[in-house]
Amino acid sequence: MNLELKKAIDQISKDKGIDREMLIDTLEEAIRASVTKKYGDKMDIEVTFNEETGEIEVYQFKIVVEEVEDTDTEILMVEAIKHDPNVELDDAIGFRLQVEDLGRIAAQSAKQVIIQRMRDAEQEIIYEEYKNRKGEIVSGIIQRRDRSGWIINLGRTEALLPKDKQIPRERFRQGDRVEGLIIDVRKEGRGPQIIITRSDPEYMTALFRREVPEVADGTVNIMGVARDPGLRAKVTVLSQDSNVDPVGACVGIRGSRIHSIVQELRGERIDIVLWSPDIATYAANALSPARISKIAIDDEEKSLEVVVPEDQLTPAIGKKGQNVKLAAKLLGWKIDIFTNSRFNKVHKNRHLLEQLASAAQVSVADFTEAGFDSLEAMAACTNEQLLDIQGISEENIGALRGALNLLISQNREETPEESEESEIKGAVEGEDADYADGDEA
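Cut-off values and rules
- Residues numbered from 1 in each chain as written.
- Predicted model: local features only at pLDDT ≥ 70, side-chain atom pairs only at ≥ 80, totals over all residues.
- Heavy atoms only, no water.
- UniProt positions renumbered as here; feature names shortened; annotations may be inferred.
- Patch = residues over 30% accessible without salt bridge, like charges linked within 9 Å, V, L, I, M, F, W, Y side chains within 5 Å.
- Areas by Shrake-Rupley, 256 points an atom, 1.4 Å probe, with all protein chains shown as cover.
- Salt bridge = Lys/Arg side-chain N within 4 Å of Asp/Glu carboxyl O.
- Lys, Arg positive; Asp, Glu negative; His and termini not counted.
- Charge placed at Lys NZ, Arg CZ, Asp CG, Glu CD.
- Helix = DSSP H or I, 4+ residues; strand = E, 2+ residues; numbered from the N terminus.
- Core = buried A, V, L, I, M, F, W, Y, C linked by side-chain atoms within 4.5 Å.
- Buried < 20%, exposed > 50% of the residue type's maximum accessible area, 1.4 Å probe, protein only.
- Contact = heavy atoms within 4.5 Å.
- Pairing = 2+ DSSP bridges.
- Axes fitted to C-alpha atoms, helices over the stretch in contact; angles between N-to-C directions.
- Phe/Tyr/Trp six-rings, centres within 6.5 Å; stacked < 30°, edge-to-face > 60°.
- Polar contact = N/O pair within 3.5 Å; in protein donor to acceptor, adjacent residues only side chain to side chain.

- In the nomenclature of an unreviewed UniProt entry, the chain is known as Transcription termination/antitermination protein NusA of Desulfomicrobium apsheronum.
- Quoted verbatim from the Subunit (unreviewed entry) field of the UniProt record, the comment on the chain reads "Monomer. Binds directly to the core enzyme of the DNA-dependent RNA polymerase and to nascent RNA."

Structural data, given as structure tokens:
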């Protein structure tokens, strides 16, 4: 039996990867807990594992006294001398207890403690293994689904793919193999909780690192990723070697490399964008496939006004604003899209407002803060409404009205047909531009 216990400890330590000394300490603690449970916690107990014999030795210690008040902790001098002739008063003398005397319940208790400690030790090993693996791609088998998301069997442990980290409209069945990126490893009561994602931009970066050797060795850098998971993504690249085309390296021969990534992401369309330190060039690249006429830059507000030909408005904005939204995320700038005609009209309105503000001796900001963005909008208002403009008083409202009427009459150069066409086009383009305006990075 003793040799079997020693062999069992060695085998468990080897199979489970648990430190042998820690396993022995756990065993000793379990036996001590069982003895205390049966005999009470007043007893002074010492439990040790004898490496030579493979035995668990349990000793109870009692204090030598002349008169016993507590039989669990004290022993008469007369009785103590029978065990040790050299004993003296107040000495602690030990008596070996037989482990077999613990009984079935105590043994079962010891077994449960040992199993729990082994499980804790195994979970600690798994946590230590995975805590430094954040940013790695792991693969596993779909095991089940719960309220939080999909539970994935990684072999020795499980991972969670939360609902908000899944690719929208992606469907799984039990037994499917799935990959994901480790983004967090948490210690929880039931063991380490490994969180993975399939929707984060970091996952796409990791896929490029795996599929493209030039990205893995640092020749090509991924400068940014913007995703609408499952639908479309933009990836910005920069080569550290002038002889290496970063876009071609990521696409691969006949699209072999990019195809592997697209397939893993269930058909997500990926645009490879060439990075540039010049924000205008970078924006033009990011808005591909649309052709850009010109870009107005506001460094202070970190906003861009992008002008495109009439036939490029739809590809520039993209379906449901997707193209401009992803471009804005990549750049970290606000982007407004205008056609040439719409841009000219907007800037003409601004110029007219500046002239009117100068005549009324207020700022353009006072007009816009009051909700006025055109001469026509101001002309349609009552004097009481115009008084809401900062700096406008009853004394100078007449001057404002006069300047307003003069500027409107001077700029009525369009024919009625042109005016109507412009208003229709402006309404359509304005709706798209507002959408782009709302999609900030």
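Read on for the rest.
Quick look at a positive patch on the surface
Turning to step 1, where the next piece is worked out: On the surface, a cluster of positive charge is contributed by R145, K163, R169, R171, K319 and K320.
Turning to step 2, where the next piece is worked out: Locating K319 in the fold gives a position in the loop between α10 (313-317) and α11 (322-331).

Observations concerning the nonpolar core
Turning to step 1, where the next piece is worked out: Grouped together as the largest cluster of nonpolar side chains are 23 residues, with contacts concentrated most on L304, V306, L330, L331, I335 and I337.
Turning to step 2, where the next piece is worked out: The set of elements that each furnish at least two residues to this core consists of α9 (279-286), β14 (303-308), α10, α11 and β15 (334-339).
Turning to step 3, where the next piece is worked out: Among the elements that make up this core, the one with the highest residue count is α11 (six residues).
Turning to step 4, where the next piece is worked out: Discounting chain neighbours no more than four positions away, the residues touching V306 are L287, I292, K294, I295, I335, D336, I337 and F338.

Topic: the pairing of β14
Turning to step 1, where the next piece is worked out: For β14, the tally of buried residues reaches six of six residues, placing the bulk of the element in the interior.
Turning to step 2, where the next piece is worked out: Here β14 shows two buried faces, one formed by S303, E305 and V307 and the other by L304, V306 and V308.
Turning to step 3, where the next piece is worked out: Bridge analysis of strand β13 (residues 294-298) against β14 gives five bridges, and the strand direction is antiparallel. In the sheet register, D298 faces β14, and the bridge partner there is S303.
Turning to step 4, where the next piece is worked out: Linking two consecutive strands that pair antiparallel, namely β13 and β14, is a turn of four residues; a positive phi of about 50 degrees is found at K302 within it.
Turning to step 5, where the next piece is worked out: Sheet analysis places β14 next to β15, joined by six bridges and oriented parallel. Within the sheet, the bridge partner assigned to V306 lies in β15 and is I337.

Concerning unusual backbone geometry
Turning to step 1, where the next piece is worked out: With omega at 20 degrees, the peptide bond leading from S288 into P289 counts as cis.
Turning to step 2, where the next piece is worked out: Counting through the fold element by element, P289 comes out in the loop between α9 and β13.
Turning to step 3, where the next piece is worked out: Phi at D90 is positive, roughly 70 degrees, even though this residue is not glycine.
Turning to step 4, where the next piece is worked out: Positionally, D90 belongs in the loop between α3 (77-83) and β4 (92-97).
Turning to step 5, where the next piece is worked out: We note that R266 has phi near 60 degrees; this positive angle belongs to a residue other than glycine.
Turning to step 6, where the next piece is worked out: Assignment of secondary structure puts R266 in the loop between α8 (256-264) and β12 (269-274).

Some remarks on the pairing of strand β6 (residues 149-153)
Turning to step 1, where the next piece is worked out: Of all the five residues making up β6, four are buried; the element is thus mostly covered by neighbouring parts of the structure.
Turning to step 2, where the next piece is worked out: Two strands pair when backbone bridges link them, and strand β5 (residues 137-145) and β6 are joined in this way by four bridges, in the antiparallel orientation. Bridging across to β6, R144 finds its partner in I151.
Turning to step 3, where the next piece is worked out: Joining the antiparallel neighbours β5 and β6 is a turn of three residues.
Turning to step 4, where the next piece is worked out: One ladder, built from five bridges, connects β6 with strand β7 (residues 158-162); its direction is antiparallel. Following the sheet pairing, N153 is matched in β7 by E158.

Structural notes on the sheet that holds β12
Turning to step 1, where the next piece is worked out: Taken in spatial order, the three strands line up as β10-β11-β12 in an open sheet, and their pairing is mixed. The open sheet has two edge strands with one neighbour each: β10 (220-228) and β12. Direction aside, the axes of adjacent strands within the sheet are offset by 20 degrees on average.
Turning to step 2, where the next piece is worked out: In the packing of helix α5 (residues 201-211) onto the sheet, the strands contacted are β10, β11 (232-239) and β12, and the crossing angle to β10 comes to about 140 degrees.

A closer look at the packing of aromatic side chains
Turning to step 1, where the next piece is worked out: One pass over the structure, following the stated rule, counts two aromatic pairs.
Turning to step 2, where the next piece is worked out: Considering the side-chain rings of W150 and F172, the 5.9 Å spacing of their centres and the 85 degrees angle between planes classify their relative orientation as edge-to-face. With W150 in strand β6 and F172 in the loop between β7 and β8 (177-188), this residue pair connects regions lying 22 residues apart in the sequence.
Turning to step 3, where the next piece is worked out: Given a relative accessible area of 9%, W150 falls into the buried group.

Some details on the environment of R232
Turning to step 1, where the next piece is worked out: Relative to the helices and strands, R232 is located in strand β11.
Turning to step 2, where the next piece is worked out: Along the primary structure R232 and V262 are separated by 30 residues, whereas in three dimensions their C-alpha atoms are 9.9 Å apart.
Turning to step 3, where the next piece is worked out: What R232 contacts, discounting residues up to four positions off in sequence, is A226, R227, E268, R269, D271, S288, P289, Q322, N323 and L326.
Turning to step 4, where the next piece is worked out: A polar contact is formed between the side chain of R232 and the side chain of D271, at a distance of 2.7 Å.
Turning to step 5, where the next piece is worked out: Within the structure, the side chain of R232 is placed 3.0 Å from the side chain of N323, a separation counted as a polar contact.

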